[in-house]
Amino acid sequence: MTSTSASPPTRRVLDVLERLAAAPQGATSSELARGCGISTSTCALVLAELESRRYVARREDRRYVLGSGLFSIVHGLRTQYPLLDIGRHALEDLSATVGAACSLSRIEPTGLTVVDIAGHSTDEQNAVGQRISLAAPFGSVAMAWRDADAIDRWLRASRPRMTVEDMQRHRNVLSAIRKRGYGVWRFDESVQSLRDRLDALLESADIAGEGATVGHRLSVLLTQTSLESITDVLESRLRDAEFIVVPIFGADRQPEYQIEIRLDPGASDDLTLERLGEALTRVTALLTRPAATESPVDLGPGGGAGRYSL
């Protein structure tokens, strides 16, 4: 692997740390060298420096794991992102209540970053640290409470370009999200076979480099074109729900985080709107900042940030 970083030594250190973060059982020096695409001698030097700072530790079986020197960094993250601790408990409770995998993502100016996951999820786009661009329909909940100009810029920046009809359809979806308080989607069954075949093709192709980028773009494009919002008809189509995305409002009365619930096929058979509403009210009450207890948008009877009109 050839690093394209402006500082290759820095990239090597970060690659090693990221590999260890993804290997709870630890990894040997040779495994890390292969995984990071660097020589064994270079990897040994990187590990030696990290071990001297206690950022990594070597166990008796010669496998490396993350070290206690990272605790100060973790503490800094908890201070900067206070939802990390309470968010873990809230996600676990929500996952157990609705019987589905849940993820918490931070909403940033141009994308979503997954910060935690509870429950089983095999989707690599939901891996902790994964960043997802705010390209429609991704980011719909993040954008639903923005002003008209911001929404217009978001829609016009989408690639491939949307038609006027597509943009109006997305505006209608945002309106439905504001009214209900959260968004609900399903995959269009007419393209499910195509999705399955594309996923199988990408998995078997073992592509890398530019090929991997193209494959990712194809997957994203197919998702963009096959997701169907059922937010405004949820009363009659709850059993069809596959994705439920819930805003967590910040002090500026805009969604600061979002929770995504990924229901397995048929998992919503035992889920009622009343049970879902109670679970969402409980989790948002835990995570929503006090200054944002009232939404700037009228969500209808019982609506508001942290309260859901069902």
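Preceding this paragraph is the structure being described.
Scoring rules and cut-offs
- Residues numbered from 1 in each chain as written.
- Predicted model: local features only at pLDDT ≥ 70, side-chain atom pairs only at ≥ 80, totals over all residues.
- Heavy atoms only, no water.
- Disulfide = S-S within 2.5 Å.
- Buried < 20%, exposed > 50% of the residue type's maximum accessible area, 1.4 Å probe, protein only.
- Helix = DSSP H or I, 4+ residues; strand = E, 2+ residues; numbered from the N terminus.
- Pairing = 2+ DSSP bridges.
- Axes fitted to C-alpha atoms, helices over the stretch in contact; angles between N-to-C directions.

## Describing the state of the cysteines
- In the structure shown here, the tally under the stated rule is zero disulfides.
- Left unpaired, cysteine 36 is separated from the closest cysteine sulfur, that of cysteine 43, by 6.2 Å.
- Judged by relative accessible area, cysteine 36 falls into the buried class, the value being 4%.

## Looking at unusual backbone geometry
- That bond from alanine 136 to proline 137 is cis: its omega, 5°, falls within 30 degrees of zero.
- In this model, arginine 54 sits at a positive phi of 60°, which is unusual for a non-glycine residue.
- Located in the positive-phi region is arginine 253, a residue other than glycine, with phi close to 65°.
- Looking at the element boundaries, arginine 253 is found in the loop between β8 (243-249) and β9 (255-262).

## Things to note about the sheet that holds β9
- The strand order across the open sheet built from seven strands is β5-β4-β3-β9-β8-β6-β7, with neighbouring strands paired in antiparallel fashion. The sheet is open, and its two borders are formed by β5 (131-133) and β7 (227-229), each paired with just one other strand. If you compare each strand with its neighbour and ignore which way they point, the axes differ by 30° on average.
- In the sheet, strand β3 (residues 101-107) pairs with β9 via six bridges, with the strands oriented antiparallel.

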